[in-house]
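Coordinates in review
Here is what each chain is made of, one letter per residue.
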Amino acid sequence: MSHIFKKPKLTVQRLVTLAMLIALAIIVSKFSLPLIPQQLVISLAFIVNTIIGMIAGPFWGFISLALIDVVDNLVGGSGNFIIWWTLMEAIQGFFYGFFFYGKSLSTSNKKDWLYVSLATLIIMLIGTFTITPLLIQLYFGVPFWAQYAAGRWLKIFEIPIRVILTMVLIPALQKIPEIKRLSRL
């Protein structure tokens, strides 16, 4: 619990790594698949967000994901810059850092699978299932219930995909010495 308030030192290497990951997150998010425009979008950007949280911790994860949203909107986003979406992304960055900073994962450990499942569920519950539909209702006038009737509930099928991809990729990445050092494993 003490790592919540303890932010990793922002060294030149960590700063450059985060800058590259922010750029990568923006690029990866451009390859998202909109199933229902502005409501249901499938993206693999969560993988980069997880890596950012793993390296940055809660504080810098908060800042990094907020920067991703701002830069993405400045560089040719949808043109719908709303500060509350930036805050939601920042909150998710905090949780990615909270759950994955300093946490060593192993594909053979059942507790790690449960841990990643719980982390994914909490992050998606906050961003995907609660705050995003609320903001869409406030800014675009689409009622909360109508979003779920139109297909937002289908995002529940994304949870196992996220868990499997996270458990396949993150333990492999954690074996890289530089990532291991940056994420304090």
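Residues numbered from 1 in each chain as written. Predicted model: local features only at pLDDT ≥ 70, side-chain atom pairs only at ≥ 80, totals over all residues. Heavy atoms only, no water.

Below, the discussion takes up the pattern of salt bridges. Counting across every chain of the model gives 5 salt bridges. A salt bridge links Lys-155 to Glu-158, with the nearest nitrogen and oxygen atoms 2.8 Å apart. Taken as a pair, Lys-155 and Glu-158 share a single burial class, namely buried. Among the charged side chains, a salt-bridge network with shared partners connects Lys-155, Glu-158 and Arg-162. (Salt bridge = Lys/Arg side-chain N within 4 Å of Asp/Glu carboxyl O. Buried < 20%, exposed > 50% of the residue type's maximum accessible area, 1.4 Å probe, protein only.)

So, on to the side chain of Ser-183. Considering the arrangement of structural elements, one finds Ser-183 in the segment after α7 (177–182). Classification of Ser-183 by relative accessible area gives buried; the value is 0%. (Helix = DSSP H or I, 4+ residues; strand = E, 2+ residues; numbered from the N terminus.)

Within this structure, the stated rule accounts for 1 cavity of 30 Å³ or more. Approximately 70 Å³ is the volume found for the largest cavity. What lines the largest cavity is Phe-46, Thr-50, Tyr-96, Phe-100, Ala-119, Thr-120, Ile-123, Arg-162 and Thr-166. Of all the secondary-structure elements, those providing two or more residues to the lining of the largest cavity are α2 (45–74), α3 (83–100), α4 (110–140) and α6 (158–173). Take the lining of the largest cavity: its biggest share by element is 3 residues, from α4. Of the residues in the lining of the largest cavity, the class split is 5 nonpolar, 3 polar and 1 charged. (1 Å grid on protein atoms, 1.4 Å probe; cavity = no way out; pocket = protein on both sides within 12 Å on 5 of 7 lines; lining within 4 Å. Points joined across faces, edges and corners; volume = space filled by probe spheres on them. Nonpolar A, V, L, I, M, F, W, Y, C, P; charged D, E, K, R; others polar.)

Our focus in this paragraph is α3. Between its terminal C-alpha atoms α3 stretches 26 Å, which fits the 26 Å expected from 18 residues at 1.5 Å a residue. Buried residues of α3: Trp-85, Thr-86, Met-88, Ala-90, Gln-92, Gly-93, Tyr-96, Gly-97, Phe-98, Phe-99 and Phe-100, and no others. On its buried face, α3 sits against α2, α4 and α6. Just beyond α3, the residue with positive phi is Gly-102, at close to 75°. (Expected span 1.5 Å × (residues − 1). Contact = heavy atoms within 4.5 Å.)

In this structure, Ile-51, Ile-52, Ile-68 and Phe-100 are the most contacted members of the largest nonpolar core, which totals 32 residues. Of all the elements in the fold, those that place two or more residues in this core are α1 (12–29), α2, α3, α4, α6 and α7. Broken down by element, this core gets its largest block of residues, 11 residues, from α2. When neighbours within four sequence positions are excluded, Ile-68 is seen to be in contact with Ile-22, Ala-25, Ile-26, Asn-49 and Ile-52. Of all hydrophobic cores here, the second largest spans 5 residues; its members include Ile-82, Met-88, Leu-135 and Ile-136. (Core = buried A, V, L, I, M, F, W, Y, C linked by side-chain atoms within 4.5 Å.)

Under the UniProt annotation, "transmembrane region" (unreviewed entry) lies at residues 12–33, 40–62, 82–101, 113–136 and 156–174. Secondary structure over residues 12–33 splits into 82% helix and 5% strand, and the C-alpha atoms at its two ends are 35 Å apart. With 84% helix and 0% strand, residues 156–174 has end C-alpha atoms that lie 27 Å from one another. (UniProt positions renumbered as here; feature names shortened; annotations may be inferred.)

A word on the packing of aromatic side chains. With the rule as written, the count across this model stands at 11 aromatic pairs. With centroids separated by 6.3 Å and ring planes inclined at 15°, the aromatic side chains of Phe-94 and Phe-98 adopt a geometry described as stacked. With Phe-94 and Phe-98 both in helix α3 and 4 residues apart, the pair spans about one turn of that helix. The class for Phe-98 is buried, based on a relative accessible area of 19%. Put simply, the rings of Phe-94, Phe-95, Phe-98, Phe-99 and Tyr-115 touch in pairs and so form one group of aromatic residues. Seen from the ring of Tyr-115, Lys-103 lies directly overhead, with NZ or CZ sitting 4.6 Å from the centre. (Phe/Tyr/Trp six-rings, centres within 6.5 Å; stacked < 30°, edge-to-face > 60°. Lys NZ or Arg CZ within 6 Å of the ring centre and 35° of its normal.)

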